[in-house]
Amino acid sequence: MNILLLGRGKTGSLVAEIARRRGHGVQVVGAAENDACAALTAEKLHAVDAVIDFTAPSCVIGHIEACVVAGKNMVVGTSGWHREVDRVRTLVENGGTGFVYAANFSVGVNLFFDVARAAAAALRHEYSGQIFERHHVQKKDAPSGTAIAIERIIREASGKHDHLEITSFREGDVVGMHEVVLESSADRIYLCHDAKSRRGFADGAVRAAEWLADKKGFYDFKDLWREL
Ligand SMILES: NC(=O)c1ccc[n+]([C@@H]2O[C@H](COP(=O)([O-])OP(=O)(O)OC[C@H]3O[C@@H](n4cnc5c(N)ncnc54)[C@H](OP(=O)(O)O)[C@@H]3O)[C@@H](O)[C@H]2O)c1
């Protein structure tokens, strides 16, 4: 595939490395080359099969809109825009393009979602739940998209309406740690996922782009990672 990668930061640089190792052609575009979505015109994207985005919450919606207008499939790892997910879904479906997004592209975290879903039954048995997330100090959004996803999964699986408290820590160069603590008067249950590197996110995003190659429509990675 010919991949246009938006973002050459901590995660984007790994996406480029993994995509090239898997045999894809990769063109990388940073902020300076993409002012007002200058790199995302239909003409510039003519020979591109998929756009992968690991940039920033402030610009990602503009990137999505430009890719839909240009008719290009897109994989979005950038976080901090998910409250607009319904509008983006409509945009993509009306535009007839393919789109995969994820709060977290690592297979391990998506397995962790299943563990959290199973543990949510505790909330029906006099347990209370709390979520803690830790990330590096440069992270722009809080709470993390992954923590928000875990909160929603537990709340929906438990059938309870009250939101679980999420506490965010920003320290050093922590890649990403998410903890769920379920507590009753008798005991505590601790669940934890601790990312050792960004490699898992980058690998999942490249595989998602490959999966999307012959498809159109709007997909959440948590519903498709088992097919990869
Ligand atoms: N879903 C997941 O699995 C997952 C995993 C990891 C990270 N993330 C998310 O992905 C995003 C990036 O994370 P990161 O840690 O890689 O951040 P980062 O190190 O700060 O890198 C961000 C990159 O985006 C570039 N950029 C900013 N605006 C741009 C634009 N308009 N066009 C093209 N490039 C632009 C920056 O370019 P310059 O250097 O030129 O300014 C920089 O290279 C964040 O939202 C993060 O939360 C998601």
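Examining the packing of aromatic side chains
- Under the counting rule described, the total for this entry stands at nine aromatic pairs.
- Aromatic side chains Phe99 and Tyr101 sit 6.4 Å apart centroid to centroid with 40° between the ring planes, which places their arrangement in the tilted category. Tyr101 carries the same exposure label as Phe99, and that label is buried.
- Here the aromatic rings of Trp211 and Tyr219 are separated by 4.8 Å at their centres, their planes lie at 90°, and the arrangement is edge-to-face.
- Pairwise contacts between aromatic rings join Trp81, Phe99, Tyr101 and Phe218 into one cluster.
- The side chain of Arg134 reaches across the aromatic face of Phe169, ending 4.1 Å from its centre.
- Sitting over the face of the ring of Trp211, Lys215 holds its NZ or CZ atom 4.2 Å from the ring centroid.

Details of helix H5 (residues 145-158)
- With 14 residues, H5 should cover 20 Å at 1.5 Å per step; its first-to-last C-alpha distance of 20 Å lies within 8% of that length.
- Along H5, ten of the 14 residues are buried, which leaves the element largely enclosed by surrounding structure.
- Turning to H5, its buried residues number three or more, namely Gly145, Thr146, Ala147, Ala149, Ile150, Glu151, Ile153, Ile154, Arg155 and Ser158.
- Next to the buried residues of H5 lie helix H4 (107-119), strand S6 (128-135), strand S7 (165-170) and strand S8 (177-183).
- At the exit of H5 stands Gly159, carrying a positive phi of roughly 80°.

So, the site of the ligand
- Taken together, 22 residues are adjacent to the ligand, and Lys10, Thr11, Gly77, Ser79 and Phe105 come closest.
- Between the ligand and Thr11, the relevant distance is 2.8 Å, taken from an oxygen atom to a main-chain nitrogen or oxygen of the residue.
- Here Gly77 contributes a backbone N or O atom positioned 3.0 Å from a nitrogen atom of the ligand.
- Classifying every residue of the shell around the ligand by side-chain character gives eight nonpolar, eleven polar and three charged.

Looking at the pattern of salt bridges
- Overall, the coordinates contain 18 salt bridges when judged by the stated rule.
- Salt-bridge contacts for Glu151 lead to Arg155; the nearest nitrogen and oxygen are separated by 2.9 Å. Of this pair, Glu151 and Arg155 are both found in helix H5, four residues apart, which corresponds to roughly one turn of the helix.
- By relative accessible area, which is 5% here, Glu151 ends up buried.
- With a shortest N-O distance of 3.2 Å, Arg188 and Glu183 are connected by a salt bridge.
- Judged by its relative accessible area of 30%, Glu183 falls in the partly exposed class.
- Residues joined in a network through salt bridges with shared partners are Glu17, Arg21 and Arg199.

Description of the sheet that holds strand S1 (residues 2-6)
- Across the sheet, which stays open at both edges, the six strands sit in the order S2-S1-S3-S4-S5-S10 with parallel pairing between neighbours. Across the chains shown, the open sheet's two edge strands, defined by having one partner strand only, are strand S2 (25-29) and strand S10 (217-220). Neighbour-to-neighbour, the strand axes of this sheet turn through a mean angle of 15°, independent of strand direction.
- The sheet contact formed by S1 and strand S3 (residues 50-53) spans four bridges and is parallel.

Scoring rules and cut-offs
Here the residue numbering is sequential within each chain, running from 1 through the sequence in written order. Local features in a predicted model are, by the rule used here, given only for residues with pLDDT of at least 70; side-chain atom pairs are given and counted only at 80 or more, and totals for whole chains, interfaces and linings are based on all residues. Working from all heavy atoms in the structure, the side-chain values ignore hydrogens and water. Ring pairs shown here join Phe, Tyr and Trp side chains whose ring centres sit within 6.5 Å, with only the six-membered ring taken for Trp; geometry is labelled stacked below 30 degrees between planes, edge-to-face above 60, and tilted in between. Partly exposed residues are those whose accessible area sits between 20% and 50% of the maximum for their type, while under 20% is buried and over 50% is exposed, using a 1.4 Å probe and protein chains only. Geometrically, a charge over a ring is one whose NZ (Lys) or CZ (Arg) sits within 6 Å of the ring centre while staying within 35 degrees of the ring normal. In DSSP terms, a helix is any run of H or I states spanning at least four residues, a strand is any run of E spanning at least two, and both are numbered starting from the N terminus. Working rule for helices: expected span equals 1.5 Å times residues minus one. Should any heavy atoms of two residues lie within 4.5 Å, those residues are considered in contact. By convention in this text, a residue qualifies as near a molecule or strand provided that one of its non-hydrogen atoms is within 4 Å of it. Each polar contact in these results corresponds to two N or O atoms within 3.5 Å; when the atoms are within protein, one needs to be able to donate a hydrogen and the other to accept it, and residues that are neighboring in sequence are counted only if both atoms are side-chain atoms. Throughout, the ten residues Ala, Val, Leu, Ile, Met, Phe, Trp, Tyr, Cys and Pro are labelled nonpolar, Asp, Glu, Lys and Arg are labelled charged, and all others, Gly among them, are labelled polar. The rule for a salt bridge is simple: a side-chain nitrogen of Lys or Arg has to be within 4 Å of a carboxyl oxygen of Asp or Glu. Strands are treated as partners if at least two bridges between them are detected by DSSP. What counts as an axis is a line fitted to C-alpha atoms, over the stretch in contact for a helix, and the angles between N-to-C directions run from 0 to 180 degrees.

Interpretation note: all reported values are geometric properties and have no functional meaning in isolation.
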